[in-house]
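Remarks on the overall topology
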Amino acid sequence: MKGSRMIDDRADVPTATPETEPNSVVALVDASSPTERELIGGWLAEGGIAAELGVDAPVTQIDLDAAPVAVRLVGRHDDPLVVPVRVLWLPPERDGVRRITFADLATLSNPRKPHRLMQRRLIARSPDRHLVLTGQPARLSELRANNAAVAGTAEPFARAIVRAGIVALERAERAVIGDRYKVPRLVAEEILDSPDFLRRLDAIAEHIGTGPREVYRRAEKALQELVAAQSRLVSDLFTQAMRPVHASTWKVDCDPTGLAALRRLNRRYPLVFLPSHRSYVDAFVLGDTLARNDFPPNHVIGGANLRFWPIGPIARRTGTVFIRRSFGDDEVYKAVVEEYFAYLLAKRFNLEWYFEGGRTRTGKLRPPRYGLLNYLAAAIRSRRVDDVMLVPVSITYERLNELGAIATEQSGGAKKAEGLTWLARYVRSQQHSAGHVYLRFGAPLSARDRLAAHGDPLVPDPGPGAPADAPERDQERKAVQRLAFEVAVGINEVTPITVNALVTLALLGVHERALTLGEVRRVLEPVRDYIRRSDLPGGELDTLRDDHGLAVVLEQLSLAKVVTVYRGGLEPVYSIEAGAHLEAAFYRNSAVHWFVNRAILELAILAAVEAPEGEQLQAGWDTAFRLRDLLKFEFFFPERAEFADRMTAEIQLVDKDWKQRTAGGTVGADVLATLTETGFIMAHRVLRSFFDAQLVVADRLAARDGAVAPQDRKQFIDECLAVGRQMLLQQRLHSPESVSSELFATALKLADNHGLLDSMSDGTELAARRRAFADELRTIGARISRAAALDPSNRLEVS
């Protein structure tokens, strides 16, 4: 069985077999037992090389180990054909698949690496469970040319030959067992043998004034901590053990055509999967789907909070890479991380990480973190990798059983530390049906092309000691930020609107009133029509067309304690469960980005109607752009010109004749009436919680004397939570979903962006700007209240 050429484990197609017949063959034997040696020896004696490769020449056997290779191969003056050989052991076939299960553990032996007694038994009883495997061969001269930097020294060259042989055998194995078992080997050894990396360590040693041996020791220790030691046995068993955590809870809805296109792309480029992060099971859902479709396992970049025993050690053996959350000025660790990333991508191993930096607490995408994207960009700038394809991934759940804990954290509660007790409780909480989980893949992005398009000079890092504020560094930072923005937009563009998102969107917009089933349906009908006309992606939305399907959705939300049902009257009525507004907002927010432009349009129209005659159209546009600016840390808006085009498309959906109605810059009441006649208003449903949270932050800043800025941001957010609860009790806020640590943190970021935390400013002037900001938010809040009053669902008569 042939694999890839030894001379280049990254090649898609092996180079041509030498035209001249070799005078001799060297079989590099990778055997761990006498039984394996016997099998390989017998195969060679029976002419296995001649039959496999069509080469009739004397064969010399050498162990696939650096010491004998150094003594018996690297110094040869002829040009033998070098062929790596090993025995491949296979698990028993079940339902057409050879995969290890827990039942195999009863033999007290790994079916892929059986012990010596088991090997004898398998040869006698199950001859179909082993085969002699060869990697694609290479001439010794080719190996020298491919490893020119070390070919002149015996031991380094021998290690390079051994690595090439092992990689060739691994690729040959995957031709038999499938790409889902693609795992790296000898990673730390190969990195530490790299001349370029050793030169970088020497430069770091000189820069920080530490001896080269100490820097090398620190790099070796960091690699041992970092490198994921993947195991096919552990991967099979872990997948089998963890599948019930999600398989019995959700039905995975995935587009297979998108996967087929990605698999074709993966033959040429490494893929980096960048999913939205809503649940701890995201990685299991994505990983299981990719494994079922024969993708190689991703190297998942994980947080140190999940390194606890036994999950941490097991996760490392299934491809999880635990990176320190912060390593400051540790140049050695930074160099190791960059080198490891570049190594994996150069070898075309796929990566996966959750670029929001943690699970969303509100249901919508969080602002991205740039750290890991910087390492990816560094690998491209160094020219170690030609290109990397970034794959936006949307993972959307109809229902989540962990929302209670997320809501508690948002309202100020402490996050429970992960550990065995937490894991047991979490697994137990998942044993309830929760509908569909929608897995969608966005259009892949060429990292090189997009970085270049955003102004990245794509020049290598000048190394330690180079000025940190060079113009190139600033261009690089901006390019990575824009690339992250594009990924987030790609995720949003394929995120479907779920039935629960739509139902909670409807109920959250009705203030302190329960709705009958018919009233809920009448609220949803125009929104469903808007979704259809806008061609937005949806999941199972047809179930909301009739009363039966809608009743089932409401009952499921009731079982999840998000919706409450009163059945004591003439017919059931539905409303958001007391204390569950944050959970309901989580579902709504998974799709809220689809309705933001509509909500901004509504507020712009209201602002236009309030403006003096002749200035109304301009006032509407000014308001739209100002709202875009105030919400820029909550949503991913396009550039100004494209945003204007999208707003134009929104008003076209409302009123095809809007240009004639607004001739001369006037926006009359007829435009407002046309908006109301669409049957729904979105502003209060979509934007109120964000602006209410901004108002709480603005009020607390305005209450501070002079130019005093919050010294402790966590303490300030705790203050906002306390005052927000008071304002809620006084009905100065409209819903508990506004009292959220996540929303307050983003609002504080906005205030900082507007210079409202600048302690260097004149105290009187800063205080005035803070008050003006709070007043502006009150005006927006009043406008949202007016929009809510116009909403037909708030004017329905109780039937």
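Summary of the structure given here. Predicted, not measured: the structure shown is a model, and the values here were computed from it. (Residues numbered from 1 in each chain as written. Predicted model: local features only at pLDDT ≥ 70, side-chain atom pairs only at ≥ 80, totals over all residues. Heavy atoms only, no water.)

**Here's the deal with the packing of helix α25 (residues 616-630) against helix α33 (residues 763-790)**
- With their axes 13 Å apart at the nearest point, α25 and α33 run at an angle of 115° to one another. Considering their axes alone, α25 and α33 lie roughly perpendicular with respect to each other. The interaxial crossing formed by α25 with α33 has left-handed handedness. The segment α25 lies against α33, with Thr 623, Arg 626, Leu 627 and Leu 630 engaging Phe 773, Glu 776, Ile 780 and Arg 783.
- Each residue belonging to the contact of α25 with α33 can be placed in one class, and the counts come to four nonpolar, one polar and three charged. (Axes fitted to C-alpha atoms, helices over the stretch in contact; angles between N-to-C directions. Helix = DSSP H or I, 4+ residues; strand = E, 2+ residues; numbered from the N terminus. Parallel < 35°, antiparallel > 145°, perpendicular 65-115°, else oblique. Left-handed = near helix turned anticlockwise from the far one by under 90°. Contact = heavy atoms within 4.5 Å. Nonpolar A, V, L, I, M, F, W, Y, C, P; charged D, E, K, R; others polar.)

**So, the packing of aromatic side chains**
- Per the stated rule, a full pass over the model turns up 13 aromatic pairs.
- On the basis of an interplanar angle of 65° and a centroid distance of 5.6 Å, the ring pair of Tyr 530 and Phe 680 is categorised as edge-to-face. With a gap of 150 residues between them, Tyr 530 in helix α21 (residues 517-534) and Phe 680 in the loop between α28 (669-677) and α29 (683-686) connect regions that are remote in the sequence. Of the two residues, Tyr 530 and Phe 680, both sit in the buried class.
- Between Phe 635 and Phe 637, the aromatic rings sit 6.3 Å apart at their centres with planes inclined by 65°, giving edge-to-face as the arrangement. We note that Phe 635, like Phe 637, is buried.
- Here the aromatic cluster, defined as three or more aromatic residues joined through ring pairs, consists of Trp 621, Phe 625, Phe 635, Phe 637, Phe 643 and Phe 690.
- Directly above the ring of Tyr 333 sits Arg 324, whose terminal nitrogen or CZ lies 3.9 Å from the centroid.
- Across the ring face of Phe 635, the terminal group of Lys 364 is positioned such that the distance to the ring centre comes to 5.5 Å. (Phe/Tyr/Trp six-rings, centres within 6.5 Å; stacked < 30°, edge-to-face > 60°. Buried < 20%, exposed > 50% of the residue type's maximum accessible area, 1.4 Å probe, protein only. Lys NZ or Arg CZ within 6 Å of the ring centre and 35° of its normal.)

**Structural notes on the sheet that holds strand β18 (residues 573-576)**
- In space, the three strands of this open sheet follow the order β16-β18-β17, with antiparallel pairing throughout. Strands at the two margins of the open sheet, each flanked by one partner only, are β16 (515-516) and β17 (563-566).
- With four bridges joining them, β17 and β18 adopt antiparallel strand pairing. Across the sheet, the residue bridging to Thr 564 is Ser 575, located in β18. (Pairing = 2+ DSSP bridges.)

**Some details on the nonpolar core**
- The biggest cluster of nonpolar side chains holds 124 residues, and the ones touching the most others in it are Phe 273, Phe 441, Leu 502, Phe 595, Ile 600 and Leu 687.
- Beyond its immediate chain neighbours, meaning those up to four positions away, Leu 687 contacts Val 596, Ala 599, Ile 600, Leu 603, Leu 631, Phe 635, Met 682 and Ile 784.
- Ranked by size, the runner-up nonpolar core spans 60 residues in total, among them Ala 205, Ala 219, Ala 335 and Val 480. (Core = buried A, V, L, I, M, F, W, Y, C linked by side-chain atoms within 4.5 Å.)

**Things to note about α33**
- Taking 1.5 Å of rise per residue, 28 residues should cover 40 Å, and α33 covers 41 Å from first to last C-alpha, within 8% of that figure.
- By the burial criterion, the buried members of α33 are Leu 766, Ala 767, Arg 770, Phe 773, Ala 774, Leu 777, Ile 780, Gly 781, Arg 783, Ile 784, Ala 787 and Ala 788.
- Residues of α33 that are buried make contact with α24 (596-610), α25, α29, α30 (688-702) and α32 (741-753). (Expected span 1.5 Å × (residues − 1).)

**Some thoughts on the side chain of Glu 356**
- Relative to the assigned elements, Glu 356 resides in the loop between β12 (351-352) and α15 (371-381).
- Despite being buried, Glu 356 has no salt bridge partner; Arg 366 is the closest side chain of opposite charge, sitting 5.7 Å away.
- Within the structure, Glu 356 has its side chain in polar contact with the backbone nitrogen of Arg 366 (distance 2.8 Å).
- When near neighbours in sequence (up to four residues on either side) are disregarded, Glu 356 contacts Pro 275, Ser 276, His 277, Lys 364, Leu 365, Arg 366, Pro 367, Pro 368 and Arg 369. (Lys, Arg positive; Asp, Glu negative; His and termini not counted. Salt bridge = Lys/Arg side-chain N within 4 Å of Asp/Glu carboxyl O. Polar contact = N/O pair within 3.5 Å; in protein donor to acceptor, adjacent residues only side chain to side chain.)

**A word on the pattern of salt bridges**
- Evaluated as defined, the whole model comprises 49 salt bridges.
- Between Arg 598 and Glu 602 there is a salt bridge; the shortest N-O distance is 2.7 Å. Note that Arg 598 and Glu 602 are positioned in helix α24 at a spacing of four residues, about one turn of the helix. For the pair Arg 598 and Glu 602, a shared accessibility class is recorded, and that class is buried.
- We note a salt bridge from Arg 769 to Glu 765, for which the minimum N-O separation is 2.6 Å.

**Concerning the packing of α21 against helix α22 (residues 547-559)**
- The contact between α21 and α22 brings their axes to 10 Å, and the two run at 100°. Regarding the angle of α21 to α22, the classification is roughly perpendicular. In this structure, α21 uses Leu 517, Val 520, Arg 521 and Leu 524 to contact α22, whose residues at the interface are Asp 547, Leu 550, Ala 551 and Leu 554.
- Class assignment for the residues of the contact of α21 with α22 results in six nonpolar, no polar and two charged.

**Re helix α11 (residues 256-266)**
- Of the positions making up α11, those classed as buried are Leu 259, Leu 262, Leu 265 and Asn 266. With its buried residues spanning 120° around the axis, α11 presents them on a single face. In α11, the exposed positions angled more than 90 degrees off the buried face are occupied by Pro 256 and Thr 257.
- Where α11 is buried, its residues meet β8 (251-254), β9 (271-275), α12 (282-292), β13 (389-397) and β14 (436-441). (Arc of directions from axis to C-beta.)

**Side note on the pairing of strand β10 (residues 299-302)**
- Both faces of β10 are covered, namely the face carrying His 299 and Ile 301 and the face carrying Val 300 and Gly 302.
- Pairing between β10 and β12: two bridges, direction parallel. Bridging from a neighbouring strand, Val 300 pairs with Glu 352 of β12.
- Taken together, the three bridges between β10 and strand β11 (residues 320-322) define a ladder with parallel strand orientation. Each residue of the ladder has a partner; that of Gly 302, found in β11, is Phe 322.

**Some words on the environment of Arg 324**
- With respect to the helices and strands, Arg 324 occurs in the loop between β11 and α14 (331-346).
- For Arg 324, a relative accessible area of 30% puts it in the partly exposed group.
- The sequence separation of Arg 324 and Glu 225 amounts to 99 residues, and the corresponding C-alpha distance is 9.8 Å.
- The contacts of Arg 324, once residues within four sequence positions are left out, are Glu 225, Asp 330 and Tyr 333.

**Quick notes on empty space enclosed by the protein**
- Inspection of every chain in the model, using the stated rule, returns five cavities of 30 Å³ or more.
- What the largest cavity holds in volume is close to 180 Å³.
- Lining the largest cavity are 15 residues, with Leu 601, Ile 605, Leu 617, Trp 621 and Ile 651 positioned closest to its centre.
- Where the lining of the largest cavity is concerned, the elements lending two or more residues are α24, α25 and α26 (640-654).
- Classifying every residue of the lining of the largest cavity by side-chain character gives 12 nonpolar, three polar and no charged.
- There is about 60 Å³ of room inside the second largest cavity.
- Forming the walls of the second largest cavity are 11 residues, and the residues nearest its centre are Thr 362, Ala 585, Asn 589, Glu 737 and Leu 743.
- Listed by contribution, the elements that provide at least two residues to the lining of the second largest cavity are α23 (581-589) and α30.
- It is α23 that contributes the most residues to the lining of the second largest cavity, four residues altogether.
- Residues belonging to the lining of the second largest cavity are distributed by class as follows: four nonpolar, five polar and two charged.
- In this structure, the lining of the second largest cavity is formed jointly by two domains, domain 3 (499-590) and domain 5 (684-794), each of which donates at least three residues. (1 Å grid on protein atoms, 1.4 Å probe; cavity = no way out; pocket = protein on both sides within 12 Å on 5 of 7 lines; lining within 4 Å. Points joined across faces, edges and corners; volume = space filled by probe spheres on them. Domains from an automatic or database assignment.)

**Focus on the environment of Val 336**
- Within the secondary structure, Val 336 is located in helix α14.
- Residues Val 336 and Leu 226, spaced 110 residues apart in sequence, show a C-alpha to C-alpha distance of 8.6 Å.
- Those residues in contact with Val 336 that sit more than four places away from it in its chain are Phe 197, Ala 219, Ala 222, Leu 223 and Leu 226.

**Looking at the environment of Thr 746**
- Checked against the element boundaries, Thr 746 lands in helix α32.
- What Thr 746 contacts, discounting residues up to four positions off in sequence, is Phe 633 and Glu 634.
- A polar side-chain atom of Thr 746 sits 3.1 Å from the main-chain carbonyl oxygen of Glu 742.

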